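# Notes for the structure review
Listed below, chain by chain, are the residues.
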Amino acid sequence: MPSRAFRYRGSENERTNGVGVEDGARLMERVRARDVDAFEQLYDGYHRLVFGIALRIASDAALAEDVTQSIFLKLWSAPEAFREGNFAAWLSRVTRNRTLDAVRSRANRATGEIPVDLPAEASTDATVFARIDAQRVRGALSVLNDEQRTPIEMGFFAGITHEEIAQRTGIPLGTIKTRIRTGLRRMREALTEAVSR
Amino acid sequence: MSESTDREALLDLVAAYALGVLPSSEQGFVSALILTDPDARREYDELRATANLVGLSAEEPVDSARAARMKERLMAAVRSDASPRPTSASATRTSAMWGTTLAAAAAVVFALVSVIQNFGLRSDLHESQTRVATLQTRIDADRRTVERDRRMLTDLTASDAKRYTVAYGTVVTRGEHVYLALGSLPPLPPGKVYQAWTLARGAKAVAPSVTFTPSQNGLTLVPIPDDAGNVAAVAVSVEPQGGSRQPTTKPAFVQPLS
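Cut-offs and rules
Residues numbered from 1 in each chain as written. Chains lettered and ligands numbered in written order. Predicted model: local features only at pLDDT ≥ 70, side-chain atom pairs only at ≥ 80, totals over all residues. Contact = placed C-beta atoms within 7 Å. Helix = DSSP H or I, 4+ residues; strand = E, 2+ residues; numbered from the N terminus. Nonpolar A, V, L, I, M, F, W, Y, C, P; charged D, E, K, R; others polar. Axes fitted to C-alpha atoms, helices over the stretch in contact; angles between N-to-C directions. Parallel < 35°, antiparallel > 145°, perpendicular 65-115°, else oblique. Left-handed = near helix turned anticlockwise from the far one by under 90°. Core = buried A, V, L, I, M, F, W, Y, C linked by C-beta atoms within 7 Å. Buried ≥ 20, exposed ≤ 12 C-beta atoms within 10 Å, placed from the backbone. Pairing = 2+ DSSP bridges.

Here the focus is the interface of chain A and chain B. Facing 56 residues of chain A, the contacting portion of chain B comprises 40 residues. Looking at the side of chain A that touches chain B, the elements with two or more residues in it are α4 (36-58), α5 (61-77), α6 (87-105), α7 (122-127), α8 (134-143), α9 (146-158), α10 (162-169) and α11 (173-196) of chain A. Here the residues of the side of chain A that touches chain B sort into 27 nonpolar, 14 polar and 15 charged.

Moving on to the packing of α4 of chain A against α5 of chain A. Residues and elements named next belong to chain A. In the contact formed by α4 and α5, the axes pass within 8 Å of each other and the chain directions differ by 140°. Comparing their axes, α5 and α4 come out oblique. At the point where α4 passes α5, the crossing takes the right-handed sense. Across from F39, L42, Y43, H47, V50, F51, A54, L55 and A58 in α4, the residues of α5 making contact are A61, L63, A64, V67, T68, I71, F72, L75 and W76. In the contact of α4 with α5, the residues fall into 16 nonpolar, 2 polar and no charged.

Looking now at the nonpolar core. A54 and L184 of chain A together with V14, A15, A18, L19 and A181 of chain B are the most contacted members of the largest nonpolar core, which has 97 residues in total. The greatest single-element share of this core, amounting to 12 residues, is contributed by α4 of chain A. Among all residues touching A15 of chain B, those that are not within four sequence positions of it are I180, R181 and L184 of chain A together with E43 and L47 of chain B.

Two quantities define a packed helix pair, namely the angle between the axes and the distance from one axis to the other. Viewed as axis vectors pointing N to C, α11 of chain A and helix α3 (residues 38-53) of chain B meet at an angle of 80°, and their least axial separation amounts to 9 Å. The angle between α11 of chain A and α3 of chain B falls in the class roughly perpendicular. Contacts between α11 of chain A and α3 of chain B pair L184, M187, R188 and L191 of chain A from the former with E46, L47, T50, A51 and L53 of chain B from the latter. Here the residues of the contact of α11 of chain A with α3 of chain B are counted per class, giving 6 nonpolar, 1 polar and 2 charged.

Residue and element names in this part refer to chain B. With antiparallel pairing, 4 strands are arranged side by side in an open sheet as β5-β4-β7-β8. Each edge of the open sheet carries a strand with a single partner, namely β5 (207-212) and β8 (253-256). Direction aside, the axes of adjacent strands within the sheet are offset by 25° on average. Looking at chain direction, strand β4 (residues 192-200) and strand β7 (residues 231-240) are connected through 9 bridges and run antiparallel. By the bridge assignment for β7, Y194 is matched with V238.

With that out of the way, let us pick up the environment of R56 of chain A. Position of R56 of chain A among the secondary structure elements: in helix α4. For R56 of chain A, a count of 21 C-beta atoms within 10 Å puts it in the buried group. For the pair formed by R56 of chain A and A158 of chain A, sequence separation is 102 residues and the distance between their alpha carbons is 9.0 Å. Discounting chain neighbours no more than four positions away, the residues touching R56 of chain A are F157 of chain A together with A58 of chain B.

Residue and element names in this part refer to chain A. For Q148, the location among the structural elements is in helix α9. For the pair formed by Q148 and L184, sequence separation is 36 residues and the distance between their alpha carbons is 8.2 Å. Setting aside anything within four residues of it in sequence, one finds Q148 in contact with R179, T182, G183 and R186.

Attention now moves to the sheet that holds strand β6 (residues 219-224) of chain B. Residue and element names in this part refer to chain B. Spatially, β1-β2-β3-β6 is the arrangement adopted by the 4 strands of the open sheet, whose pairing is antiparallel. Each having just a single partner strand, β1 (162-166) and β6 make up the two edges of the open sheet. Direction aside, neighbouring strands of the sheet carry axes that sit 20° apart on average. Strand direction decides the pairing type here: strand β2 (residues 169-174) and strand β3 (residues 177-183), joined by 6 bridges, are antiparallel.

In short, geometric facts, not functional conclusions.
Printed below as a string of structure tokens:
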């Protein structure tokens, strides 16, 4: 079952403190049934992720806080926006998009819709990244060389196009495109290797 | 540039799309490619899942005061939304009294209205039957549309479909069906439409096919009503509203089908 296979284990800090994060996808099922306790667990398990991404993108703690609030409120009011798969990965993308919107407008649109991504094939979720967490992702990113990591991080956290990445780094566009792809491939291999250990 | 280099360049674009760094002007083309090309779809699925995880690296502890403040506000909002509205005892009694009175009044009104309405029942019934028939027709039409769209998606993503890369997208054939999956079509001048053309096997001139306008979301899917087995080539050109009998502008592409 993809949602089980794609479990987010929470940060090292959460685990060592025994806070334990129930599978995000399963918690969302309970949130759909208006389960307040499940929502609270969801917040406890994922607010560091949401706030961390928002802060990294916005470099503004107040804005990151607003974004975090608005995202969690939206999870409560429109839980159907998440369908299946890796909840942490989905939340990560949602947070990125919402924060970029907020940064661009400098006005957090709390009532905006959660963007729905083209869903990935469930079979992919089921076979890869069964046990993934922030530490493993950092480890996978550290495997990349700077040339590969920089355009990927710029693309994700700065929300700019590959052309803008090429302009800012002074590297030809074709090279940037290739580095993004090879970097993502290498990161995927590193994650696959990490979760199979 | 060799075919394999072209292919790699296309997959580089898919990776950029998966990371979310592709300019909107190129997104339509790449989304059409993903929809119609199994290799591109696989690449997208794998890299999208990986790209989404990049955000996890930013997770970091939140200072306890801030975390508590956010949680308090959130939980207050959620609890008030989740719990039923409180009702005081006196309010309950009052509403119960009013409830009895209102129920009695409602019964009288209902009786009066029933008498009056009986006269109009037959015409209402006829009107309702007409409305139901209209709705049924609409439901049938919607069902046919859903079935057509489902069949189209099955054909477009099938591994045994034949795909021909053309300007702005792909021509796909499967069984007897022919589709155009086009992205990033240039906007049309006022009063103009795109028109598809088909060349029947053995024919010397193209025949007019469907007209269409680019979809708002950047991906335009056009089923061609001809039997793929009889079509030797397809083309698309810009034509006046309503279409033409023969192409009046240079085609955006002409694609022979094997």
